[in-house]
Amino acid sequence: MRAQSYRPLEIIELTGRPMSELLSGRTRLELLELRLDRRRKDEGVPVPVLDGRSILVTGGTGSFGQSFVRHVLEHHAPSKIIIFSRDELKQYEMQQHLRDERLRFFLGDVRDVERLKRACEGVDVVVHAAALKQVPSCEFFPLEAVQTNVLGTLNVLEAARVFKLKRIVVASSNVLN
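What you see is a predicted model; the values in this text were computed from it and never measured.

Draft legend 1. Spatial organisation of the overall build of the chain. Secondary structure summary: the chain contains eight helices and seven strands in total. Relative to its 177 residues, the chain shows a buried fraction of 36%. Looking at the chain alone, contacts between residues at least 24 apart form 63% of all its contacts between residues at least 6 apart. Total accessible area on the chain stands at roughly 11,100 Å², and carbon and sulfur atoms take up 53% of it.

In structure tokens:
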């Protein structure tokens, strides 16, 4: 079996906008809808990929995670969104602010593969946005950065493999202007 090679995509290639602009809130994630729809071959009608689906968002209380969750709640009809994050306070604040019955909050860390596997049960789509993103912190604490950004991503992929998930979106904010 021949291994497939993939070219990493930068966020600017997907949206046409710098990540800093997306995170600032000055720009809506309008192109996200285009990326989250697919067309039925027989009808040519867009079918939202997220409607009726259970979505797990790692790093769901971070800046991208919160923006993504708000966008999905406003523009799609998911059956539920699981916010996976290690920040108990941000989970509480997000729960109080959004107050949506489709939201579930799951306290955990992407460095814990068993916790991730538990969170992935019954999930259709994983959006992996958990990462340490501040370069000075990553330089000062390189082991933490590797454990979260590298091993955490591998753990997400392993949990998705165990549950045979077909849709995994990995968000990266390495393109900043």
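Next comes the rest of the account.
Draft legend 2. Just the layout of surface pockets, in detail. Empty space within the second largest pocket amounts to approximately 550 Å³. Forming the boundary of the second largest pocket are 26 residues, of which Arg 86, Ala 130, Ala 131, Leu 132 and Lys 133 lie nearest the centre. Taken together, the elements giving at least two residues each to the lining of the second largest pocket come down to α4 (63-75), β4 (80-85), α7 (135-140) and α8 (142-162). It is α4 that contributes the most residues to the lining of the second largest pocket, three residues altogether. Residue classes in the lining of the second largest pocket are distributed as 10 nonpolar, 10 polar and six charged.

Draft legend 3. Spotlight on the packing of aromatic side chains. Per the counting criterion, the structure on display carries three aromatic pairs. Seen in terms of ring centroids, Phe 140 and Phe 141 are 4.8 Å apart; in terms of plane orientation they differ by 85°. Their pairing is edge-to-face. By relative accessible area, Phe 140 is classed as exposed at 63%. A residue is classified by how much of its surface remains accessible, and Phe 141, at 46% relative accessible area, is partly exposed.

Draft legend 4. Region of interest: the sheet that holds strand β5 (residues 103-107). Spatial ordering of the open sheet is given by β5-β4-β3-β6-β7, a layout of five strands whose pairing is parallel. Of all the strands in the sheet, just β5 and β7 (167-170) have a single pairing partner and so form its edges. Taking the axes of each pair of neighbouring strands and ignoring which way they run, one obtains an average angle of 15° across the sheet. Relative to β4, strand β3 (residues 54-58) runs parallel, the two sharing five bridges. Looking across to β4, one finds that Ile 55 is bridged to Ile 81. Docked against the sheet, helix α5 (residues 88-98) engages β4 and β5, running at close to 175° with respect to β5.

Draft legend 5. Fine view of the side chain of Ser 54. Along the polypeptide, Ser 54 turns up in strand β3. Judged by its relative accessible area of 3%, Ser 54 falls in the buried class. Discounting chain neighbours no more than four positions away, the residues touching Ser 54 are Ser 79, Lys 80, Ile 82, Gly 122, Val 123, Asp 124 and Val 125.

Draft legend 6. Looking closely at the pattern of salt bridges. Evaluation of the coordinates by the stated rule reveals six salt bridges. Between Glu 158 and Arg 161 there is a salt bridge, and its shortest N-O distance comes to 2.8 Å. Separated by three residues within a single helix, Glu 158 and Arg 161 lie in helix α8, roughly one turn from each other. Linked through salt bridges whose partners overlap, the residues forming this network are Arg 86, Asp 109, Arg 111 and Glu 144.

What counts and how
- Residues numbered from 1 in each chain as written.
- Predicted model: local features only at pLDDT ≥ 70, side-chain atom pairs only at ≥ 80, totals over all residues.
- Heavy atoms only, no water.
- Helix = DSSP H or I, 4+ residues; strand = E, 2+ residues; numbered from the N terminus.
- Buried < 20%, exposed > 50% of the residue type's maximum accessible area, 1.4 Å probe, protein only.
- Contact = heavy atoms within 4.5 Å.
- Areas by Shrake-Rupley, 256 points an atom, 1.4 Å probe, with all protein chains shown as cover.
- 1 Å grid on protein atoms, 1.4 Å probe; cavity = no way out; pocket = protein on both sides within 12 Å on 5 of 7 lines; lining within 4 Å.
- Points joined across faces, edges and corners; volume = space filled by probe spheres on them.
- Nonpolar A, V, L, I, M, F, W, Y, C, P; charged D, E, K, R; others polar.
- Phe/Tyr/Trp six-rings, centres within 6.5 Å; stacked < 30°, edge-to-face > 60°.
- Pairing = 2+ DSSP bridges.
- Axes fitted to C-alpha atoms, helices over the stretch in contact; angles between N-to-C directions.
- Salt bridge = Lys/Arg side-chain N within 4 Å of Asp/Glu carboxyl O.

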